[in-house]
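Fold and geometry: a report
One letter stands for each residue in the lines below.
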Amino acid sequence: DEEGPGEEQRQVAGGRWHACWLKLQGWILAIAIGTASSLSGAAIDVAVNRLSSTRFGWCKSEVLASQTACPHADWEEWGEGGSGFFMNIGLGTVMAFSSAVLVFCFAPRAAGSGIPEVKTILGGFVMPDVTSWRTLIVKMPGLALSVAAGMSLGKEGPLVHVAVCWAQLFSGIFEQFSNEGKRRELISAAAAAGVSTAFGAPLGGVLFSLEEVSSIFPAKTLIRAFAAAVTAALVLSLIRGPTEGLTLFSVHYDKSAQPIEHIAFALLGVAGGLIGAAFNFLNVRWSALRMKPGFKRYINGITEVTLIALVTLLSSWPMAFTKLLSSDVIHALFQSCDSSSGSDIRTYLGLCTSDGDFYAPATAGLVMSLVAAGFIRLAQTILTFGTACPAGLFVPSIYVGACLGRCAGMGMSALNSHYHFMSGSVQPGVYAMVGAAAVLGGVCRVTISLVAIMLELTGSMTYIVPFMMSVLIAKIVGDSMNEGIYDLYIVLKGYPFLHEEVDVTFDERCCDIMETSLVTLDVSLRPRLVDLRALLEGYGYRGFPVVSGGHFVGYAKRSRLEALLAEQMAVFGGEAATWEEQPVTLEMLLPYVDATVMRMVPDASLGQAHKVFKQLGLKYIFLVGSKGHDPTQDVLQGMLSKKKFLLALKTGRVGHRSDNPMLEPVGSGPRHGSNIIARLQESLHRSVAESFVRGTPTHGSRLIPELAAPRHDVENGSTEPAPE
């Protein structure tokens, strides 16, 4: 009697310690992800600085030292003549070629920014090759080479992908994160850490993960994402030291905007939305062309990247604005003319006078140089984004917007000096920052997180209202023409992703599109282990519903059933005559069956199913209810997969009645815009739907042969490959 209460207290204490340990595991992994992400970003930065410097010269005291790390007396320029031209173009082309070879030959999923893939994973689909260790190993050097080559791309989006790969690897340390839902929490935190590493913007990283990539973002995920982002920023600040700091484009403006300037900021927002929509349209069209088999037959990924790099370097050489690294030019465009903060690059570009204290006159030559630089960089980015090398578009978009804004600022300054409609002077650097935010918002269609990133990038809180206004207007203008670039690429690549359908009402029920031809494991038929093995060998499904008679028990994954079979073979010594005849009972199966799968009645609205798929990130819904004269409510009647729901939605079979039928003409069909952008979206959706009907993925989503599972890629109840 005396030992009983003590034993019970020890069990309670042990349970509490175990619960605390489980909670602590999430914090440990969040900190580890933030640390690994920042270390990876710092290594890529060092590689980019060293490699890119070799295109302009070399250090006599240390051959591979960057230009900034080399003593000024020891730095030797290649020059502006023929030798400098050939070294810049040749080395840049070789770096781009090397990046393409790494990606094309070893890890094709390392190409691009990776954000569309991360969004798809967080939407509830499993893409293991996207976050594999091989993708991580190739992505880092490939990104360093492509950025150092001078191509029109950035490293910010790919750094999010790198952080997500670290999250996938670290999730295997603790058993609880083998669950897909738990793993998605880590991936959301990793996305925040990636943005924090790329921009030194922890708050912007958390908001980016919440606004752009995550489908589900509960409070627990929020705090872990914040922990990962803060850790990444802290480690990055320790690596860079107090001299560099976290702020990438640090500027100092203490004069607030005047009321009349908000008109110019609003116009920059309109221009940013138009430029972003045009970029999305042209780039998606170009990417759709490069995915065609006829294009690939003559130009493979390596050749394409090499040619684009050559064209980019040749077109960038004649102008100082395009020849220098984009980040240096952006910082110069953002800054004011003040000799106390250094003015070498600004004077070299002609933005400030020779002494660095005053703005250079807004001559036609300077304005044309800025316009030409922005147009050239926009065209280069249209060709580059989506190629077979790691490539982001944050920096190129900021560059184009900064050129646009600087032109607008110089125009306002010239008008004010002539008409004196404002007191004080106009700061063109402020217009450059607002224009950069507008164009980036027009391309990506992010709002709150973009404003936070711009504030942390520049370290300037003075112009928060112009940032907000321009980004919001850019999104409104861009959304009236097409979707954001990442959503367009999800459709283009054929990824199964459910968007928010805010303008339609679902009239259909789940039973109208559910799968009824299911292969089940019925324990009431007294199956034997040999029957279980025959089931696994005869069908390549990922799993099987377990029933007892008609009553639904749960869902057993193939891997779990294979584990059960292996354990039983081990128990009976592997002798077929002994173990094959052993019965498979319900008690034997229960530890291997997920009995908590989502269940709904067949008459449930598809609107409810859409919310379940979207908010919970599920892949299957099992439809159970009464059938015939059976009064019980747990009879399995069918299954609705997210793939099946997406197919019905994309083909127009369901979900295409507007919320207000009185506002839609009879026979008008699905509501699509009449402009060319809307027709492109419609054609992209149709191509994806047709690819699902044929049972083959689109060109962009083709599985990598050496990573694809040959037998386990089919959903139960379907003869088509499962996109998960």
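Residues numbered from 1 in each chain as written. Predicted model: local features only at pLDDT ≥ 70, side-chain atom pairs only at ≥ 80, totals over all residues. Heavy atoms only, no water.

1. Observations concerning the overall build of the chain
Of regular secondary structure, the chain possesses 27 helices and 10 strands. The contacts in the chain between residues at least 6 apart in sequence include a share of 74% that link residues at least 24 apart. Accessible surface computed for the chain: about 31,200 Å², of which carbon and sulfur atoms make up 62%. (Helix = DSSP H or I, 4+ residues; strand = E, 2+ residues; numbered from the N terminus. Contact = heavy atoms within 4.5 Å. Areas by Shrake-Rupley, 256 points an atom, 1.4 Å probe, with all protein chains shown as cover.)

2. Focus: the environment of Trp 317
Checked against the element boundaries, Trp 317 lands in the loop between helix H11 (301-316) and helix H12 (320-323). For the pair Trp 317 and Asn 88, spaced 229 residues apart in sequence, the C-alpha to C-alpha distance is 8.5 Å. Beyond its immediate stretch of four places on either side in the chain, Trp 317 contacts Gly 79, Glu 80, Gly 81, Gly 84, Phe 85, Asn 88 and Lys 323.

3. Section: helix H20 (residues 485-492)
Within H20, eight of the eight residues are buried, which leaves it mostly tucked inside the rest of the structure. Within H20, the full set of buried residues consists of Ile 485, Tyr 486, Asp 487, Leu 488, Tyr 489, Ile 490, Val 491 and Leu 492. Following H20 by one or two positions, Gly 494 adopts a phi angle in the positive range, close to 75 degrees. (Buried < 20%, exposed > 50% of the residue type's maximum accessible area, 1.4 Å probe, protein only.)

4. Notes on the state of the cysteines
Inspection of every chain in the model, using the stated rule, returns two disulfides. Bridging Cys 59 to Cys 70, the disulfide has an S-S length of 2.1 Å. Taking the sign of the S-S torsion, 80 degrees for the link of Cys 59 and Cys 70, the bridge is right-handed. Linking Cys 59 in strand E1 (residues 57-59) with Cys 70 in the loop between E1 and strand E2 (75-77), this pair joins segments that are 11 residues apart in sequence. This pair shows no difference in class: Cys 59 is buried, exactly as Cys 70 is. Listing the disulfide partners of the chain by sequence rank of the bonded cysteines yields 1-2, 3-4. Free of any disulfide, Cys 511 has its nearest cysteine sulfur in Cys 510, 7.5 Å distant. Residue Cys 511 is classed as partly exposed on the basis of its relative accessible area of 22%. (Disulfide = S-S within 2.5 Å.)

5. Quick notes on empty space enclosed by the protein
All chains considered together, the criterion is met by four cavities of 30 Å³ or more. Each pocket or cavity is described by its volume, and for the largest cavity that value is around 80 Å³. Forming the boundary of the largest cavity are Lys 255, Ser 256, Ala 257, Gln 258, Glu 261, Phe 265, Ser 425, Val 426, Gln 427, Val 430, Tyr 431 and Tyr 463. For the lining of the largest cavity, the elements supplying multiple residues, two or more each, are helix H9 (261-290) and helix H17 (428-444). For the lining of the largest cavity, a count of residues per class yields six nonpolar, four polar and two charged. (1 Å grid on protein atoms, 1.4 Å probe; cavity = no way out; pocket = protein on both sides within 12 Å on 5 of 7 lines; lining within 4 Å. Points joined across faces, edges and corners; volume = space filled by probe spheres on them. Nonpolar A, V, L, I, M, F, W, Y, C, P; charged D, E, K, R; others polar.)

6. What to know about the packing of H9 against helix H16 (residues 394-419)
Interaxial distance between H9 and H16 falls to 11 Å at its minimum, and their mutual angle equals 150 degrees. In this view, H9 runs roughly antiparallel relative to H16, as classed from their interaxial angle. For H9 against H16, the interelement crossing comes out right-handed. When H9 is examined against H16, the residues Ala 264, Leu 268, Ala 271 and Ile 275 are found in contact with a partner set consisting of Val 400, Leu 404, Gly 405, Ala 408 and Met 412. Partitioned by chemical class, the residues of the contact of H9 with H16 number eight nonpolar, one polar and no charged. (Axes fitted to C-alpha atoms, helices over the stretch in contact; angles between N-to-C directions. Parallel < 35°, antiparallel > 145°, perpendicular 65-115°, else oblique. Left-handed = near helix turned anticlockwise from the far one by under 90°.)

7. A look at the nonpolar core
Ranked by size, the top nonpolar core spans 130 residues in total, and within it Met 151, Phe 321, Leu 333, Phe 334, Leu 393, Cys 444 and Ile 485 carry the most contacts. Among the elements that take part in this core, H17 stands out by supplying 11 residues, more than any other. With residues up to four places along the chain from it excluded, the contact list for Met 151 reads Ala 96, Ser 146, Val 305, Ile 308, Ala 309, Thr 312, Thr 384 and Cys 389. Leu 536, Phe 544, Val 546 and Leu 564 belong to the second-largest nonpolar core, a separate cluster that totals 21 residues. (Core = buried A, V, L, I, M, F, W, Y, C linked by side-chain atoms within 4.5 Å.)

8. Observations regarding the packing of helix H2 (residues 82-106) against H11
It is the contact of H2 with H11, at a shortest axis distance of 8 Å, that shows an interaxial angle of 155 degrees. Overall, the two elements H2 and H11 adopt an arrangement that is roughly antiparallel. The crossing of H2 and H11 is right-handed. Contact residues: H2 offers Phe 85, Asn 88, Ile 89, Gly 92, Thr 93, Ala 96, Phe 97, Ala 100, Val 101, Phe 104 and Cys 105, while H11 offers Gly 301, Ile 302, Val 305, Thr 306, Ala 309, Leu 310, Leu 313 and Leu 314. Residues belonging to the contact of H2 with H11 are distributed by class as follows: 14 nonpolar, five polar and no charged.

9. Quick notes on the packing of aromatic side chains
Going through the model one piece at a time under the given rule, you end up with 17 aromatic pairs. Ring geometry for Trp 166 and Phe 170: centres 5.6 Å apart, planes at 25 degrees, overall stacked. A residue pair is termed a helical-turn pair when its members lie 3 or 4 positions apart in one helix, as Trp 166 and Phe 170 do in helix H5 (residues 156-170) at four residues. With 5.7 Å between their ring centres and 85 degrees between their planes, Phe 249 and Phe 334 make a pair best called edge-to-face. Remark: Phe 334 occurs in helix H13 (residues 326-334) and Phe 249 occurs in the loop between helix H8 (219-244) and H9; sequence separation between them is 85 residues. An aromatic cluster is present here, built from Phe 552, Tyr 555, Tyr 620 and Phe 622 joined pairwise through their rings. (Phe/Tyr/Trp six-rings, centres within 6.5 Å; stacked < 30°, edge-to-face > 60°.)

10. Side note on the pattern of salt bridges
Here the structure, examined in full by the defined rule, presents 20 salt bridges. A salt bridge links Glu 581 to Arg 528, with the shortest nitrogen-to-oxygen separation between them at 2.8 Å. Linking Glu 581 in the loop between helix H23 (576-579) and helix H24 (586-589) with Arg 528 in the loop between strand E4 (521-522) and helix H21 (529-538), this pair joins segments that are 53 residues apart in sequence. Since its relative accessible area comes to 31%, Arg 528 is described here as partly exposed. One continuous salt-bridge network, built from bridges that share partners, spans Asp 45, Lys 155 and Arg 240. (Salt bridge = Lys/Arg side-chain N within 4 Å of Asp/Glu carboxyl O.)

11. Focus on the pairing of strand E8 (residues 620-627)
Among the eight residues that make up E8, six are buried, leaving the element largely enclosed by the rest of the structure. Relative to E8, strand E7 (residues 599-600) runs parallel, the two sharing two bridges. Residue pairing for E8: Met 600 is matched across the bridge by Leu 623. For the handedness criterion, the β-α-β arrangement of E7, helix H25 (residues 606-616) and E8 is classed as right-handed. (Pairing = 2+ DSSP bridges. Right-handed = clockwise from strand over helix to strand, strands pointing away.)

12. Considerations on the confidence of the model for the chain
Looking at the chain as a whole, the pLDDT averages 84, with 86% of positions reaching at least 70. For residues 656-681, every residue scores under 50 in pLDDT, and the model assigns this stretch 37 contacts once sequence neighbours within four places are set aside. Below pLDDT 50 for its whole length, residues 683-713 participates in 63 contacts with residues either more than four positions away or in separate chains. (pLDDT = per-residue confidence, 0-100.)

13. Here we look at unusual backbone geometry
Note on backbone geometry: most residues besides glycine have negative phi, and most peptide bonds are trans. The phi angle at His 420 is positive, at roughly 55 degrees, despite the residue not being glycine. With respect to the helices and strands, the residue His 420 is situated in the loop between H16 and H17. By relative accessible area, His 420 is classed as exposed at 61%. Backbone geometry places Arg 445, a non-glycine residue, at a positive phi of 65 degrees.

14. Focus: the side chain of Lys 155
By secondary structure assignment, the location of Lys 155 is in the loop between helix H4 (133-148) and H5. There is a polar contact of 3.4 Å between the side chain of Lys 155 and the side chain of Asp 45. Those residues in contact with Lys 155, other than ones at most four positions away along the chain, are Ile 44, Asp 45, Leu 143 and Val 147. (Polar contact = N/O pair within 3.5 Å; in protein donor to acceptor, adjacent residues only side chain to side chain.)

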